[in-house]
Amino acid sequence: MQTLTDPELINHTTLAWKPLPNEGVVLNGARLHLVFWDKKSWNPPVKPDITPSTIKDALGKIVEYVSDALKEYNINPITPDEQESYTGDWQGDLKIKDIVQAIEGLVKSPGPELPNATDGNRLYVVIMPPGIRPSDPKLAGVNGEHDSGGNPKVHYAWVTWSKFDDLTASLSHELIEACTNPEPPHGWTFAKEEICDVCHYAGQYKGIQVAAYAKPDGSVHVPPRAKLSAAAGDCA
Ligand SMILES: [Zn+2]
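Fair warning: this is a prediction, and the values are worked out from it, not measured in the lab. (Residues numbered from 1 in each chain as written. Predicted model: local features only at pLDDT ≥ 70, side-chain atom pairs only at ≥ 80, totals over all residues.)

**Considerations on the overall build of the protein chain**
- A count of helices and strands for the protein chain gives five helices and 10 strands.
- Counting across all 236 residues of the protein chain, residues that qualify as buried make up 42%. (Helix = DSSP H or I, 4+ residues; strand = E, 2+ residues; numbered from the N terminus. Buried ≥ 20, exposed ≤ 12 C-beta atoms within 10 Å, placed from the backbone.)

**Observations regarding helix H3 (residues 52-72)**
- For H3, spanning 21 residues, the distance from its first C-alpha to its last is 30 Å, which sits close to the expected 30 Å at 1.5 Å a residue.
- The sharpest bend along H3 comes to roughly 30°, located at Leu59.
- Those residues of H3 lying buried are Ile55, Ala58, Leu59, Ile62, Tyr65, Val66, Ala69 and Leu70.
- Taken from the residues just after H3, Asn74 is the one with a positive phi, measuring 55°. (Expected span 1.5 Å × (residues − 1). Bend = angle between axes of the 7 residues up to and from the residue.)

**Here's the deal with the nonpolar core**
- Counting residues in hydrophobic clusters, the biggest one holds 61 residues, and the most contacted among them are Ile103, Val126 and Cys179.
- It is H3 that contributes the most residues to this core, eight residues altogether.
- If sequence neighbours within four positions are ignored, Ile103 has contacts with Val35, Tyr124, Gly150, Val154 and Tyr156. (Core = buried A, V, L, I, M, F, W, Y, C linked by C-beta atoms within 7 Å. Contact = placed C-beta atoms within 7 Å.)

**Quick word on the pairing of strand E4 (residues 122-127)**
- In terms of burial, E4 is a largely internal element, six of the six residues being buried.
- Here E4 shows no split at all, with Arg122, Tyr124 and Val126 on one side and Leu123, Val125 and Ile127 on the other all buried.
- Sheet topology places strand E1 (residues 31-36) next to E4; six bridges connect them, and they run parallel. Its bridge partner being in E4, His33 is matched across the sheet by Tyr124.
- Of the pairings in the sheet, the one linking E4 to strand E6 (residues 154-159) comprises five bridges and is parallel in character. Within E6, the position partnered with Val125 by the bridge is Ala157. (Pairing = 2+ DSSP bridges.)

**Quick look at the environment of Pro185**
- Structurally, Pro185 can be placed in the loop between helix H5 (164-180) and strand E7 (202-205).
- The spacing of Pro185 and Pro21 is 164 residues in sequence and 9.4 Å in space, taken between C-alpha atoms.
- In contact with Pro185, other than residues within four places in its own chain, are Asn22 and Lys192.

**Here's the deal with the packing of H3 against H5**
- Relative to each other, H3 and H5 sit at 40°, their axes nearing to 10 Å. Here H5 runs oblique to H3, going by the angle between their axes. Crossing angle aside, the handedness with which H3 passes H5 is right-handed. Contacts between H3 and H5 pair Ala58, Ile62, Tyr65, Val66, Ala69 and Leu70 from the former with Thr168, Leu171, Ser172, Leu175, Ile176 and Cys179 from the latter.
- In terms of residue class, the contact of H3 with H5 is built from 10 nonpolar, two polar and no charged. (Axes fitted to C-alpha atoms, helices over the stretch in contact; angles between N-to-C directions. Parallel < 35°, antiparallel > 145°, perpendicular 65-115°, else oblique. Left-handed = near helix turned anticlockwise from the far one by under 90°. Nonpolar A, V, L, I, M, F, W, Y, C, P; charged D, E, K, R; others polar.)

**Section: unusual backbone geometry**
- Cis geometry is adopted by the peptide bond preceding Pro152, which originates at Asn151 and carries an omega value of 5°.
- Note that Pro152 resides in the loop between strand E5 (144-149) and E6.
- Backbone torsion omega between Pro184 and Pro185 reads 5°, so that peptide bond is classified as cis.
- Its identity is not glycine, yet Asn74 carries a phi of approximately 55°, on the positive side.
- Following the sequence through the fold, Asn74 ends up in the loop between H3 and strand E2 (79-80).
- Using a count of 9 C-beta atoms within 10 Å as the deciding quantity, one classes Asn74 as exposed.

Purely geometric stuff here, so don't read any function into it on its own.
And the structure:
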């Protein structure tokens, strides 16, 4: 994987590659459904100042930023669902297949807050409480990931975090990639690397931390008023 170093990003913001849409699989006009992992961890909240409401407040800005990125690829913006879902209490070793199974469960028994849950255009985004993360060894050090799986097929992402900046940066990263490449590797990539992975940077947008992304012409969008941080790009 090629990533840009700091001086390269500042002095040379055009990548060596042009992106390929591959088979052109994208999530156009996706509906975003937040899933808070482990209900017990969120109620009462993990920290007094970090609640589902705090995250949903930041989500408006994140969705705005992500929609600008999607526009570059002629992809219609995402719209968050009004309601969120929670998984049951969780104990023990957490694997990615557990996340997929939990989302499949939501799809099969959606409940009144989540009508039409089988809509293939819905993107499920799982928010982990601080400190909880999948244990799969290949995900060591990874703050988030997106993919598709299950039967019926669901498009999903998950993010883990320790600081709020990590969460918003990871969330913006995964939302951008989950819409441009929802079924890897059949969407937009630069030489197989996804459009945020090639940048590996985050900056500020309206007071929150968001991920840089590459545009179809190979240039890199560095977030406005960027305070570059190499830490926030560690998502898959
Ligand atoms: Zn990524």
